[in-house]
Amino acid sequence: MEQLVALAASLAGRVYPPGAPYPVEREKVREFARAVGELHPLCHDPEAARAAGHPDVLAPPTFLCAPAHRAADRAVFDPEVGLDYDRVVHRDQRFVLHRPVHAGDRLLLTVHIDAVRSVAGTDVLELRTEVSAADGGTPVATVFMSLAARAA
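Residues numbered from 1 in each chain as written. Predicted model: local features only at pLDDT ≥ 70, side-chain atom pairs only at ≥ 80, totals over all residues. Heavy atoms only, no water.

In the structure shown here, the tally under the stated rule is 13 salt bridges. A salt bridge links Asp-56 to Arg-26; the nearest nitrogen and oxygen atoms lie 2.8 Å apart. With Asp-56 in the loop between α2 (46–51) and α3 (65–76) and Arg-26 in helix α1 (residues 26–35), this pair connects stretches of sequence that are 30 residues apart. We note a salt bridge from Glu-31 to Lys-28, for which the minimum N-O separation is 4.0 Å. Within this pair, Glu-31 and its partner Lys-28 are both found in helix α1, separated by three residues, close to a single helical turn. One network of salt bridges, in which partners are shared, links Arg-14, Asp-78 and Glu-80. (Salt bridge = Lys/Arg side-chain N within 4 Å of Asp/Glu carboxyl O. Helix = DSSP H or I, 4+ residues; strand = E, 2+ residues; numbered from the N terminus.)

In structure tokens form, the structure reads like this:
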């Protein structure tokens with residue numbers, strides 16, 4: 001029988017620097033908006049977005065879940081973390097936006113392991129992804145994600 005090794009609390013504080021910038025593409029924003037049922041013209045029509053003072057179409061607030069999950073893979077699949085992904089469930093996610101995300105943005109995502117704890121025999125990995133603009137490093141958002149690794 002497979003033995004599940006608990007995640008080490010000492011992982012807290014580990015930081016995964018950004019990889020290549022994530023390009024926010026207009027069609028990806030439109031696709032995501034359609035997928036979540038966001039029909040507002042600001043998320044689909046560049047002219048409407050510009051008329052409202054935006055540089056291009058506006059991404060829905062939860063658009064960042066895709067690049068944040070991709071960035072979090074660096075921690076989730078880090079062999080030193082030792083997370084058994086076959087036993088992982090997404091527990092929680094929240095977004096703190098510092099400014100809107102628009103098509104044309106290029107984003108850098110830095111992943112932090114904020115905490116590792118055990119809840120009722122389940123390992124919980126708390127991740128924070130700091131999203132910044134690649135052209136100057138200004139903060140764009142903070143994405144918090146919690147993953148639970150179920151016991152065998």
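What follows concerns the packing of aromatic side chains. Evaluated as defined, the whole model comprises two aromatic pairs. Taken together, a centroid distance of 5.7 Å and an interplanar angle of 85 degrees make the contact between Phe-32 and Phe-63 edge-to-face. Residue Phe-32 is located in helix α1, and its partner Phe-63 is located in the loop between α2 and α3; the two are separated by 31 residues in the primary sequence. Its relative accessible area of 17% is what places Phe-32 among the buried residues. Taking the centre distance of 4.9 Å and the plane angle of 50 degrees together, the rings of Phe-77 and Tyr-85 count as tilted. Take Tyr-85: its relative accessible area is 44%, and that puts it in the partly exposed class. The ring centre of Phe-144 lies 4.0 Å from the NZ or CZ of Arg-94, which sits over that ring. (Phe/Tyr/Trp six-rings, centres within 6.5 Å; stacked < 30°, edge-to-face > 60°. Buried < 20%, exposed > 50% of the residue type's maximum accessible area, 1.4 Å probe, protein only. Lys NZ or Arg CZ within 6 Å of the ring centre and 35° of its normal.)

Here Asp-78 is to be found in the loop between α3 and β3 (88–97). A relative accessible area of 14% means that Asp-78 is categorised as buried. Apart from residues no more than four positions distant in its own chain, Asp-78 is found in contact with Arg-14, Tyr-16 and Asp-73. Looking at Asp-78, its side chain comes within polar contact range of the side chain of Arg-14, at 3.2 Å. (Contact = heavy atoms within 4.5 Å. Polar contact = N/O pair within 3.5 Å; in protein donor to acceptor, adjacent residues only side chain to side chain.)

What follows is about unusual backbone geometry. Located in the positive-phi region is Ala-120, a residue other than glycine, with phi close to 50 degrees. Note on placement: Ala-120 falls in the loop between β4 (106–119) and β5 (122–133).

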